[in-house]
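Examining the three-dimensional arrangement
Letter by letter, the chains look like this.
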Amino acid sequence: MEFLIFAFFISLLVTLGLVRYQHLHEKISSDHDLSGPQKFHTLAVPRIGGIGIFLGILFAGLLTFWGFKLDRGYLVLQLVTCALPAFLVGLLEDVTKKIGVKTRLIATAVSAGLVGYFLNAWITSIQVPGIDWLLGIGAISIIFTVIGITGLANAYNIIDGFNGLASMVAMISLLAIGYVAFKANDPVLASTCLIVLGAIGGFFIWNYPRGLIFLGDGGAYLIGFLIACLSILLVQRNPTVSPWFALLVNAYPIFETLFTIWRRKVHQGKNPGLPDGAHFHSLIYRRLIRWAEVHESKDTASYAKNAKTSPYLWLLSSLAVFPAIIWWQTTWVLQAFALLFCISYVWAYNAVVKFKTPSFFNLFK
């Protein structure tokens, strides 16, 4: 627990420094483009929040290693080292605004290959006949793992649309993974989850509700990559944990990405790599605008609406995470809840598009 606290305060203080001295780096670190389809902030905000998270994890890992808990510190240091290509290329995009999506995905794939090789974190089974046979072939297992890790890292970048959204979803997932690691008698992995959780928490303080700093691509890719790796390692190190736990605990970012690809490519006939304003969180925000225009003043509406958007998606993510925690050993139950989550997501999305907002969307008004 002490390492969680250390990671939290390192991240908290580093992020505070980035916010406090924004005037020294804002020309390269801030998001000055306020006109994009997914831009909902009204002032230029630094996009380098991933630095605080990375340093929080790194120094907590070093402290753990030096504190004679070598196995725990070594795992943390291995993970952050493998994450470097994904994090640094994402951070380079945050400061230059010139790194394309393909380059970022390739860098993340390199990180995925590194963690698979050095930590033996390969996906070899998802308990589906036929697919498991294919995953028994080494090359297919490697490709599947690299795509899976890269996809989840990119998924966190996709859902990082509002203050506190991606970071809280990440912390919810980490709590679940850490809890199941503890139940499976894997204290090394459980403590690693707590360190990553603490570092994200230090950033969260400054990101929510006021949005003083953003994750940026570097931060989003970093936390998505680490959660993907920890999910795979939990299953790989503990055979009693169903592979479908790893899928269900990450159901929201995974399905948001797959649904976005289908919506853009098949339904709209567009390039799935181009940004748009039709993500679920974007639609919820626009529904809140209609309420805020009536009930809030012009000066406070933008800040209030942004802060009110994320809790809806925290709740949505939790609807998948809670059953994953309860039935983490029972594959068929997890599969049933995964299907139920997908159906619920499509129903809710369709309801919001048609302006037939479900009644629970009034909870946070």
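Scroll up a little and you will see the structure.
Residues numbered from 1 in each chain as written. Predicted model: local features only at pLDDT ≥ 70, side-chain atom pairs only at ≥ 80, totals over all residues. Heavy atoms only, no water.

Comments concerning the overall build of the protein
We apply this condition: To qualify as a helix, a DSSP run of H or I must reach at least 4 residues; to qualify as a strand, a run of E must reach at least 2; elements of each kind are numbered from the N terminus. Residue burial is assigned from relative accessible area. The probe radius is 1.4 Å, only protein chains are included, and a residue is buried under 20% of its type maximum, exposed over 50%, and partly exposed in between. Note on contacts: a residue pair qualifies if any of its non-hydrogen atoms lie within 4.5 Å across the two residues. All accessible-area figures derive from a Shrake-Rupley calculation using a 1.4 Å probe, and residue coverage is judged against the displayed protein chains alone.
A count of helical and extended segments in the protein gives 15 helices and two strands. Taking all 365 residues of the protein together, 55% fall into the buried category. In the protein, once contacts between residues fewer than 6 apart in sequence are set aside, the share between residues at least 24 apart is 74%. Within the structure as shown, the protein displays about 16400 Å² of accessible surface, and the carbon and sulfur contribution to it stands at 70%.

Topic: the environment of Ile-5
Within the secondary structure, Ile-5 is located in helix 1 (residues 2–20). Residues Ile-5 and Ala-60, 55 residues apart in the sequence, show an inter-C-alpha distance of 8.9 Å.

Overview of the side chain of Ser-310
Along the chain, Ser-310 turns up in helix 14 (residues 301–326). The class for Ser-310 is buried, based on a relative accessible area of 0%. Residues in contact with Ser-310, not counting those within four places in the same chain, are Phe-162, Asn-163, Gly-164, Leu-165 and Tyr-208.

A look at the packing of aromatic side chains
Where two aromatic rings form a pair, the distance of their centres and the angle of their planes describe that pair. Note the following rule: Pairs were defined over the aromatic rings of Phe, Tyr and Trp, the Trp ring being its six-membered one, requiring ring centres within 6.5 Å. Orientation was assigned from the angle between planes: stacked under 30 degrees, edge-to-face over 60, tilted for the rest.
In the structure shown here, the tally under the stated rule is 14 aromatic pairs. Taking the centre distance of 5.0 Å and the plane angle of 35° together, the rings of Phe-162 and Tyr-285 count as tilted. Note that Phe-162 is positioned in the loop between helix 7 (138–159) and helix 8 (165–183) and Tyr-285 in helix 13 (residues 280–295), a separation of 123 residues in sequence. The exposure classification of Phe-162 matches that of Tyr-285, with both residues buried. Chaining the aromatic ring pairs together yields one cluster made of Phe-255, Phe-259, Trp-262, Tyr-345 and Tyr-349.

Structural notes on the state of the cysteines
Put simply, the rule reads: Note that a disulfide, as used here, is simply two cysteine sulfur atoms within 2.5 Å.
This structure, assessed with the given rule, holds zero disulfides. No disulfide involves Cys-229; its nearest neighbouring cysteine sulfur is the one of Cys-82, lying 7.3 Å away. A residue is classified by how much of its surface remains accessible, and Cys-229, at 0% relative accessible area, is buried.

A closer look at the packing of helix 1 against helix 9 (residues 187–207)
Here is the rule: Working convention: axes come from line fits to C-alpha atoms, limited for helices to the stretch in contact. Angles between N-to-C directions cover 0 to 180 degrees. In this scheme, roughly parallel covers angles under 35 degrees and roughly antiparallel covers those over 145, while 65 to 115 is roughly perpendicular and the rest are oblique. Here a crossing is taken to be left-handed if its near helix is turned anticlockwise relative to the far helix by less than a right angle, and right-handed if that turn runs clockwise. Each residue gets one of three labels, nonpolar for Ala, Val, Leu, Ile, Met, Phe, Trp, Tyr, Cys and Pro, charged for Asp, Glu, Lys and Arg, and polar for the others, Gly among them.
In the contact formed by helix 1 and helix 9, the axes pass within 7 Å of each other and the chain directions differ by 30°. One way to sum up the angle between helix 1 and helix 9 is to call them roughly parallel. Crossing hand, helix 1 versus helix 9: right-handed. Between helix 1 and helix 9, the residues in contact are Phe-3, Leu-4, Ala-7, Phe-8, Ser-11, Leu-12, Thr-15 and Leu-16 and Leu-194, Ile-195, Leu-197, Gly-198, Ala-199, Gly-201, Gly-202, Phe-203, Ile-205 and Trp-206, respectively. For the contact of helix 1 with helix 9, the per-class residue count stands at 13 nonpolar, five polar and no charged.

Observations concerning the pattern of salt bridges
Applied cut-off: By salt bridge we mean one thing: a side-chain nitrogen of Lys or Arg within 4 Å of a carboxyl oxygen of Asp or Glu.
Inspection of the entire model under this criterion finds four salt bridges. Residues Arg-47 and Asp-94 are paired through a salt bridge, measuring 2.8 Å at the closest nitrogen-oxygen approach. Remark: Asp-94 occurs in helix 4 (residues 70–96) and Arg-47 occurs in the loop between strand 2 (45–46) and helix 3 (50–66); sequence separation between them is 47 residues. For the salt bridge of Asp-186 with Arg-237, the shortest nitrogen-to-oxygen distance reads 2.8 Å. Remark: Arg-237 occurs in helix 10 (residues 216–237) and Asp-186 occurs in the loop between helix 8 and helix 9; sequence separation between them is 51 residues. The network of salt bridges with shared partners includes Arg-47, Asp-94, Arg-104 and Asp-217.

Here we look at the side chain of Ser-318
Basically, it comes down to this: Whenever a nitrogen or oxygen atom comes within 3.5 Å of another N or O atom, the pair is scored as a polar contact, on the condition that within protein one atom can donate a hydrogen and the other can accept it, and that pairs from neighbouring residues in sequence are kept only if both atoms are in side chains.
Considering the arrangement of structural elements, one finds Ser-318 in helix 14. Ser-318 sits in the buried class, given a relative accessible area of 10%. Only 2.9 Å separates the side chain of Ser-318 from the backbone oxygen of Trp-314, close enough to count as a polar contact. Ser-318 has contacts with Ile-172 and Pro-323, leaving out every residue within four places of it along the chain.

Some words on helix 8
Applied cut-off: To estimate how far a helix should extend, the number of its residues minus one is multiplied by 1.5 Å.
Taking 1.5 Å of rise per residue, 19 residues should cover 27 Å, and helix 8 covers 28 Å from first to last C-alpha, within 8% of that figure. Looking at the residues trailing helix 8, positive phi occurs at Asn-185, about 60°.

A few points about a nonpolar patch on the surface
Put simply, the rule is: Each patch is assembled from residues with relative accessible area greater than 30% and no salt bridge, linking like charges that lie within 9 Å and nonpolar side chains (Val, Leu, Ile, Met, Phe, Trp, Tyr) that lie within 5 Å.
Side chains of Met-1, Ile-5, Phe-9, Leu-13 and Leu-16 sit close together on the surface and give an oily, nonpolar patch of about 500 Å² of accessible area. Here Leu-16 shows up in helix 1.

Notes on the environment of Ala-83
The residue Ala-83 is located in helix 4 in this model. Note on Ala-83: relative accessible area 1%, which makes it buried. For the pair Ala-83 and Leu-114, spaced 31 residues apart in the sequence, the C-alpha separation amounts to 8.5 Å. The residues contacting Ala-83, other than those within four sequence positions of it, are Ser-111, Leu-222 and Phe-225.

Let's talk about the environment of Tyr-74
With respect to the secondary-structure elements, Tyr-74 resides in helix 4. For Tyr-74, a relative accessible area of 48% puts it in the partly exposed group. It is 8.3 Å that separates the C-alpha atoms of Tyr-74 and Thr-64, two residues lying 10 residues apart in sequence.

Brief notes about the packing of helix 5 (residues 101–119) against helix 7
As a packed pair, helix 5 and helix 7 sit with axes 8 Å apart at the nearest point and diverge in direction by 130°. Relative to helix 7, the element helix 5 lies oblique. Crossing of helix 5 against helix 7: the hand is right-handed. Along the contact surface, helix 5 presents Arg-104, Leu-105, Thr-108, Ala-109, Ala-112, Gly-113 and Val-115, while helix 7 presents Val-146, Ile-149, Thr-150, Ala-153, Asn-154 and Asn-157. Considering only residue class, the contact of helix 5 with helix 7 consists of seven nonpolar, five polar and one charged.

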